[in-house]
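Given next are the chains, with one letter for each unit.
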Amino acid sequence: MIKQKKRGSLFVLSGPSGVGKNTLIDTVLKRNTDIVYSISATTRKPRIQEKDGVNYYFLSKERFEQMILENAFLEWAEFCDNYYGTPIAPIEKTLNKGIDVIMDIEIKGAKQVAQRWPDAVLIFLIPPSIDELARRIKNRRTETSEEIDARLAQSLVEMNVGRMYDYYLVHDNTEHTVLELEAIRLAESLKVKRTDWDLVIDSLKGDLNA
Ligand code: 5GP
């Protein structure tokens, strides 16, 4: 029997800066071809190796504010002096095709998604320890020391918000954490509320008549 999914599921991944959301998502996308990454828009400058339209849509402040006025975002927020937002059109299109979407957004945005999209699955990624988080941010060498301090301070605030999420994952070993994320996805796909039950019954009858 083919799974009778109503529509794709939206997975929202949040967690403190430096916890390794990108690494985790990259690994999930490599191992699973049936899930799509939501590319956010931001006003922050691209880091070396980041590409427009791949990692983010890098926009001017004016363009971003115009998109806010056009209601083009599912959610948006300010984070460390920059705007970040999720364009809504590609997400709706993908979910309506029955394909899952994963997004990496900070906590204020995740709250907005939870309100607008109650079916979204909220996953909070935490580091094995705060010391390890500080070490990872410093090793990344993409921020100035002031920016690192600001991000670490923000991380501690964010940790407290983890309690509003549906699931949490500890990012100790990427392979292991990806398996846990895939287990969440599998469990969510088996939820009756995400299933068109009439189609399940029809397909059972189909099996009988065959
Ligand atoms: P970074 O500058 O390190 O790429 O991202 C900074 C923070 O912005 C991260 O916590 C990331 O999850 C968040 N972020 C990335 N895209 C979005 C988005 O579209 N909306 C919101 N609200 N946060 C985002």
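Below: a short report on this structure. Residues take numbers from 1 onward in each chain, read along the sequence in its written order. At least 70 in pLDDT is required for a residue's local features to be given in this predicted model, at least 80 for side-chain atom pairs to be given and counted, and no such filter applies to totals for whole chains, interfaces and linings, which use all residues. Based on all heavy atoms of the structure, the side-chain values leave hydrogens and waters out of the count.

## Some points on the overall build of the protein chain
Stage number 1. When helices and strands are counted, the protein chain shows eight helices and nine strands.
Stage number 2. For 210 residues, the compact-globule estimate of 2.2 N^0.38 gives 17 Å, and the protein chain sits close to it at 19 Å.
Stage number 3. Projected onto its principal axes, the C-alpha positions of the protein chain cover 70 × 40 × 30 Å.
Stage number 4. In this scheme, a residue with accessible area under 20% of its type's maximum is buried, one over 50% is exposed, and one in between is partly exposed, where area comes from a 1.4 Å probe on protein chains only. In the protein chain, which comprises 210 residues, the proportion classed as buried is 45%.
Stage number 5. The contact rule is simple, with two residues in contact once any of their heavy atoms fall within 4.5 Å. Nonlocal contacts in the protein chain, meaning residues at least 24 apart in sequence, comprise 69% of its contacts between residues at least 6 apart.
Stage number 6. One finds the centroid of the 30 positive side-chain charges in the protein chain at a distance of 1 Å from the centroid of its 32 negative side-chain charges. Only DSSP runs of H or I covering at least 4 residues are called helices, and only runs of E covering at least 2 are called strands; the numbering of each starts at the N terminus. A radius of gyration in this sense is built from C-alpha atoms; the matching globule rule multiplies 2.2 Å by the number of residues raised to 0.38. When charges are counted, Lys and Arg contribute as positive and Asp and Glu as negative, whereas His and the chain ends are disregarded. Just so you know, the charge point we use is NZ for Lys, CZ for Arg, CG for Asp and CD for Glu.

## Thoughts on helix H6 (residues 145-161)
Stage number 1. By this rule the span expected of a helix is its residue count minus one, scaled by 1.5 Å. Its 17 residues place the ends of H6 25 Å apart at the C-alpha level, agreeing with the 24 Å of an ideal helix rising 1.5 Å per residue.
Stage number 2. If you check which residues of H6 are buried, you get Ile 148, Arg 151, Leu 152, Ser 155, Glu 158 and Val 161.
Stage number 3. Its buried side turned inward, H6 meets strand S5 (73-79), strand S6 (82-87), helix H4 (107-116), strand S8 (121-126) and helix H5 (130-140).

## Examining the sheet that holds strand S1 (residues 10-14)
Stage number 1. Being paired, for any two strands, means DSSP has found at least two bridges between them. The parallel open sheet is built from five strands, whose spatial order is S2-S7-S1-S8-S9. The open sheet has two free edges, formed respectively by strand S2 (35-37) and strand S9 (167-170), since each of these has just one partner strand. When strand polarity is set aside, the average angle formed by the axes of neighbouring strands in this sheet is 25°.
Stage number 2. Here four bridges tie S1 to S8, and the two strands are oriented parallel to one another. The angle between two axes is taken between their N-to-C directions and runs from 0 to 180 degrees, where each axis is a line fitted to C-alpha atoms and a helix contributes only its stretch in contact.

## Re the pairing of strand S7 (residues 100-104)
Stage number 1. Where burial is concerned, most of S7 is hidden: five out of the five residues are buried.
Stage number 2. Of the two faces of S7, the one lined by Asp 100, Ile 102 and Asp 104 and the one lined by Val 101 and Met 103 are each fully buried.
Stage number 3. Pairing analysis gives four bridges linking S1 to S7, with the strands arranged parallel. The residue bridging Phe 11 from the neighbouring strand is Ile 102, located in S7.
Stage number 4. Sheet analysis places S2 next to S7, joined by three bridges and oriented parallel. Along S7, the bridge assignment pairs Ile 35 with Asp 100.

## Details of the pattern of salt bridges
Stage number 1. Salt bridge, as applied in this entry: a Lys or Arg side-chain nitrogen positioned within 4 Å of an Asp or Glu carboxyl oxygen. In this structure the tally under the stated criterion is 13 salt bridges.
Stage number 2. In this structure, Glu 50 engages Arg 44 in a salt bridge whose closest nitrogen and oxygen atoms are separated by 2.9 Å. This pair shows no difference in class: Glu 50 is buried, exactly as Arg 44 is.
Stage number 3. With a shortest N-O distance of 2.9 Å, Glu 188 and Arg 194 are connected by a salt bridge.
Stage number 4. Beyond isolated ion pairs, a larger network of salt bridges with shared partners links Asp 34, Asp 100 and Arg 185.

## Some words on H4
Stage number 1. Regarding H4, the residues found buried are Ile 107, Gly 109, Ala 110 and Val 113. Taken down its axis, H4 places every buried residue within 150° of arc, on the same side. The outward face of H4, more than 90 degrees from its buried face, is lined by the exposed residues Gln 115 and Arg 116.
Stage number 2. Buried residues in H4 make contact with S1, S5, S7, S8 and H6.
Stage number 3. Where H4 begins, the capping side chain belongs to Glu 106, and its oxygen is found 3.1 Å from the backbone nitrogen of Lys 108. To obtain the arc, one takes the directions from the helix axis to the C-beta atoms. Two N or O atoms form a polar contact when they lie within 3.5 Å of each other; inside protein one atom must be a possible hydrogen donor and the other a possible acceptor, and for residues adjacent in sequence the pair counts only when both atoms belong to side chains.

## Focus: the side chain of Thr 195
Stage number 1. In this fold, Thr 195 is placed in the loop between helix H7 (174-189) and helix H8 (197-209).
Stage number 2. Not counting residues within four places of it along the chain, the set of residues in contact with Thr 195 comprises Gln 4, Lys 6, Ser 189 and Val 200.

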